[in-house]
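Fold and geometry: a report
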Amino acid sequence: MTLDIPWEGLREASDRLAELEDDALLDALDAAIASWRDAGGLAAETARALGEVSGKNSAMLEFALLRSARSQSRCGMRTGLEAGRREAPGSRLGPRVVLQVLAGNVTGLALPAMVECLLARSAVVLKPASGDPVSPVQLAGSVLSQNIFNGAIHIATWTGGNETVESEVFARSSYIIASGGEEAMQSIAARRGGNTLLHGPRVSVGILVDAMLSPEDARHVAREIALHDQHGCLSPRIVFSSDPQRSAHALGQAMAYWQERWPIGPGLPGEAYGVYAVRARAAVDPEAGLVAPRGLDWTVVWDNREDLDVGPPRRVVRVARFDNAENLARRLQAAAGKLQGVGVLGSAGDVAAWRDRLPGIAWVGPLQSIQDPPAGWRADGRSGLAELLRVGRG
């Protein structure tokens, strides 16, 4: 099997992008994304198509696509560009052709993947995941509708692990950015070597400044847990509270609310066993409890342990105890290599205080919107745009 990727055309498109002023590039990106920011438009159409393919709830998918498009505002993209250039001073251009290998656990990843490349004046080859074969094609089509991006984006599909195809594609790409499972990332690292930015599995947690959750706050937190069926790296898996039992019951009611609106999609192999194991552990622990329906649609367990054990990503959230902010901060900092984000439910001052306590965590922000980081945020602590600018044209 061989792929018909127009490598020379992509390099030529990258050189044309290099001649553009920032405002022209940002204007074109903003115009391309605009039609994705309105409910009921392209996001809804794409969500329905993806829902039919994946079995996931289309309303949840539309919410994810709208959120992704709205986060890529013109102002946000400019801020991300300026931040990337500060990290790579003196550099304006990235590699000519970047391969973006997309994970399928989060809907809408193709948009920030394209944006970071195009802001670096890099052409991009997108490899969609089997879990989301729809939205990358639709999003790329919108960007390509802007004439200045002609030839700058190509969609390539192949079965992951095909060494014949990947040897060629990896060799001809100037740079690779990839997201996925640990095994897939190790395989790319072993075969490619340098000039890669690889995002493997990570988890996120939440912190409740006040254990007494209002119904509105509980629903916002539960929405972040339910979104992407909890398969995202920013999906909260543990929520820390000074009163786990009280917080767990409030969260349980909110999880039921979202199950009615966003019914959970098909499970992955082994997830059901993992859910039963989590529930069984809570049932035999005298200092733990369970809030859950009879089925496996969602699960909230609470306990008084202070470890970082997490359950399977099947809308399973553990509410764990914390009594001292500094002690919790030390534990989270020690696990920084496994954590993607920490969400804090509290005031803006509370969020800022936790951000100061956790300098090693990639994203510390409001728990009620933890899965909506700003454009250009540093996944795994590394900015894709800054990395492209550091490498330069080569």
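Use the structure listed above.
These lines cover the structure that appears in this document, whether it is placed above or below.

Conventions and cut-offs
- Residues numbered from 1 in each chain as written.
- Predicted model: local features only at pLDDT ≥ 70, side-chain atom pairs only at ≥ 80, totals over all residues.
- Heavy atoms only, no water.
- Helix = DSSP H or I, 4+ residues; strand = E, 2+ residues; numbered from the N terminus.
- Contact = heavy atoms within 4.5 Å.
- 1 Å grid on protein atoms, 1.4 Å probe; cavity = no way out; pocket = protein on both sides within 12 Å on 5 of 7 lines; lining within 4 Å.
- Points joined across faces, edges and corners; volume = space filled by probe spheres on them.
- Nonpolar A, V, L, I, M, F, W, Y, C, P; charged D, E, K, R; others polar.
- Buried < 20%, exposed > 50% of the residue type's maximum accessible area, 1.4 Å probe, protein only.
- Pairing = 2+ DSSP bridges.
- Axes fitted to C-alpha atoms, helices over the stretch in contact; angles between N-to-C directions.
- Phe/Tyr/Trp six-rings, centres within 6.5 Å; stacked < 30°, edge-to-face > 60°.
- Lys NZ or Arg CZ within 6 Å of the ring centre and 35° of its normal.
- Salt bridge = Lys/Arg side-chain N within 4 Å of Asp/Glu carboxyl O.

Some details on the environment of valine 351
With respect to the helices and strands, the residue valine 351 is situated in helix H14 (residues 348-357). Residues valine 351 and asparagine 304, spaced 47 residues apart in sequence, show a C-alpha to C-alpha distance of 24 Å. Sequence-distant contacts of valine 351, defined by excluding residues within four places in its chain, comprise Val344, Val364, Gly365 and Pro366.

A few points about the layout of surface pockets
When its volume is computed, the second largest pocket comes out at roughly 180 Å³. In this structure, the second largest pocket is lined by 14 residues; those nearest its centre are Val278, Arg281, Val301, Arg305 and Arg318. Among the elements that make up the lining of the second largest pocket, the one with the highest residue count is helix H12 (residues 271-284) (4 residues). Counted by class, the lining of the second largest pocket contains 7 nonpolar, 1 polar and 6 charged residues.

Details of the pairing of strand E9 (residues 299-303)
Across the 5 residues of E9, 5 count as buried, placing the element largely inside the fold. Of the two faces of E9, the one carrying Thr299, Val301 and Asp303 and the one carrying Val300 and Trp302 are both buried. Across 4 bridges, the pairing between E9 and strand E10 (residues 316-321) is parallel. By the bridge assignment, valine 301 is partnered in E10 with arginine 318.

Structural notes on the sheet that holds strand E12 (residues 363-366)
Ordered in space as E8-E9-E10-E7-E6-E11-E12, the 7 strands form an open sheet in which the pairing is mixed. Sheet topology places strand E8 (288-291) and E12 at the edges, where each strand pairs with a single neighbour. Here the strands of the sheet are splayed against their neighbours by 20° on average, with no regard to which way each runs. The strands that H14 touches are strand E6 (203-208), strand E11 (339-345) and E12; relative to E12, the one it contacts most, it runs at about 170°.

Topic: the packing of aromatic side chains
On inspection of all chains with the given rule, the structure shows 4 aromatic pairs. Here the aromatic rings of phenylalanine 63 and tryptophan 262 are separated by 5.3 Å at their centres, their planes lie at 50°, and the arrangement is tilted. In this pair, phenylalanine 63 is assigned in helix H4 (residues 58-71) and tryptophan 262 in the loop between helix H11 (244-261) and H12, connecting sequence segments 199 residues apart. Among the residues examined, tryptophan 262 registers a relative accessible area of 5% and is labelled buried. Ring centres of tyrosine 257 and tryptophan 258 lie 5.2 Å apart, and the angle between their planes is 90°; this geometry places the pair in the edge-to-face category. With a relative accessible area of 12%, tryptophan 258 lands in the buried category. Through a chain of ring-to-ring contacts, three or more aromatic side chains come together here, namely Phe63, Tyr257, Trp258 and Trp262. Above the plane of the ring of tryptophan 158 lies lysine 127, whose end atom (NZ or CZ) is 5.2 Å from the centre. Note that arginine 357 overlies the ring of tryptophan 354, its terminal NZ or CZ placed 4.6 Å from the centroid.

So, the pattern of salt bridges
Summed over all chains, the structure comprises 32 salt bridges. The salt bridge partner of glutamate 87 is arginine 378, with a shortest N-O separation of 2.5 Å. With glutamate 87 in helix H5 (residues 74-87) and arginine 378 in the loop between E12 and helix H15 (384-391), this residue pair connects regions lying 291 residues apart in the sequence. The class for glutamate 87 is partly exposed, based on a relative accessible area of 26%. Here aspartate 323 ties to arginine 321 by a salt bridge, and the two come within 3.6 Å at their closest N and O atoms. Note on aspartate 323: relative accessible area 56%, which makes it exposed.

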